[in-house]
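# Overview (structure and organization)
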Amino acid sequence: MIELYYLKFECNLVNGFKKFLNNTFMEKFRNAILFKNVNLNLKIRLKTNLNLKGKSILQFKKTRINDEFVSNIQTISRPQENQKQINISNLNSFVTGSEATLNESLPSLQPKKRKRLYWTDCARIFSMLGIILLHSAGYGCEKTHLKRKDSNVMIICFYNCMTRFAVPMFVLLSGTFILDPSRTFSFKKLFRHNILRPATAFAFWSTINALINIFLYKKNKPSEFLKLFFVGEEYLWFIFMIISCYLISPFLRLFSDDVNLARYFFGLCVFWGSLIPTLKNIFTQDELNTWTSRWHYHFTLEFVGYFVAGYHIVKHVTIKSFKIRVLLYILGLADIFLIFGMTYRLEMKTGRYSKDFRDSYTLTVAFYTVVLFIFFKHEIGRINFSERAIRIISKLSALIFGMYLSHMILKKLLSRYAHIKQEEFLDIKLSSSIGCPTFWMVICGSSLLVSYLLSITPILKNFVV
């Protein structure tokens, strides 16, 4: 017997209701109810047993469902108070149904599977290669060439300019997924998944670096271990930065799908985080520095702009015109040579290493990075990769974090013990313009191997790569 009341539509599902949810009964029952801007409150108490072909017996009691079911099939009006009983045959008609109807109903009850964006994996791999080339050429190598006025300094400077997109690109990719409001968010997931893994990776690799500096290189004393551990090597700054972005992501998610508000925020990031610092590098007057310092403005500085821009570009920026995209790519290439030209000219003038126009926050690097991100979205994103290519891309993408964490350790070990560096390969002297790409390939291969070995090592594979 079914009792119908106008309070709440409540059912408590027991003994295998999850299996029954995929049944035609629920789909038909939902399609039979229409609420037109009215909160129709029903309270159904089902005290009948349904034997579904040997499956578990279901007994309906109370649970809370607060949905507005919309259907174009049937409109039910509110019955009178004395209408409390429904013929059980109507209920049976909901349960029984053809196999075709059941198959049509199931897809609407199951969540849609997300399509993986393989272009983001390609961008991640490309960025990692850029970071390793940046560190292979390195500001140390460029400073040395400047001091001795080596003719290869121009090539080294170009290597260091064209790879400046790499770190901002990683931040763009990180924001692409974590700021998506359609993805399930919880603080438990934020701390146990997004933050715990980088934190444990930092603890592991900072320990390795500290032990190497103390016992292998003899640069520090054992008493300095804690200091070395907490500060970490210079390249590990990325972990601190990305964790800080994750920590504020719950607030950023609140407006990530609000186009106007997100673009207003992004505009503040461009103005305060990129334009003003770039102007300070061009015009070194004390008045400009004093003016900017008095604002005490820090809210949208550093990498938070890239973090917000990643999701916004993926979700809300689509350039349909191929001609406009080609023009944008040409401007991006021109921007690389602009960065190189201004940097090289300034270094030749001062005789000192400079990153005034190629730091991650500068307007020149920001533009170059965003254009490259758009290129991966529109051009690489339209490629239909084969199954084999997908497996390779997915595997390499999974090893990127381990490559980043290990590549600087391997760089030092190769330089010190294998005699492989910018101007040398196994005791063979090389020009730095050739030696840097050679050094880059060796570091890429060795760091990929280390990351792979750690990825198949129990326990470590979940926490350090």
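Residues numbered from 1 in each chain as written. Predicted model: local features only at pLDDT ≥ 70, side-chain atom pairs only at ≥ 80, totals over all residues. Heavy atoms only, no water.

### Section: the side chain of Ser174
Checked against the element boundaries, Ser174 lands in helix H7 (residues 166-178). Once residues within four sequence positions are removed from consideration, Ser174 is found in contact with Ile242, Tyr246 and Phe307. (Helix = DSSP H or I, 4+ residues; strand = E, 2+ residues; numbered from the N terminus. Contact = heavy atoms within 4.5 Å.)

### Remarks on the packing of helix H8 (residues 187-216) against helix H10 (residues 237-252)
It is at 10 Å that the axes of H8 and H10 come closest, and there the two elements cross at 175°. For the element pair H8 / H10, the angle class is roughly antiparallel. Note on element contacts: H10 touches H8 through Ile239, Phe240, Ile243, Tyr246, Leu247, Ser249 and Pro250, opposite Phe187, Leu190, Phe191, Asn194, Ile195, Pro198, Ala199 and Phe202. In terms of residue class, the contact of H8 with H10 is made up of 13 nonpolar, two polar and no charged. (Axes fitted to C-alpha atoms, helices over the stretch in contact; angles between N-to-C directions. Parallel < 35°, antiparallel > 145°, perpendicular 65-115°, else oblique. Nonpolar A, V, L, I, M, F, W, Y, C, P; charged D, E, K, R; others polar.)

### Notes on the confidence of the model for the protein chain
Per-chain confidence: the protein chain averages 80 in pLDDT, with 75% of residues scoring 70 or above. Segment residues 1-110: pLDDT under 50, and 148 contacts once partners within four positions in sequence are set aside and those in other chains are kept. (pLDDT = per-residue confidence, 0-100.)

### Points about the environment of Lys355
Here Lys355 shows up in the loop between helix H14 (322-350) and helix H15 (363-378). Overall, the relative accessible area of 41% leaves Lys355 in the partly exposed class. Along the primary structure Lys355 and Asn281 are separated by 74 residues, whereas in three dimensions their C-alpha atoms are 9.6 Å apart. (Buried < 20%, exposed > 50% of the residue type's maximum accessible area, 1.4 Å probe, protein only.)

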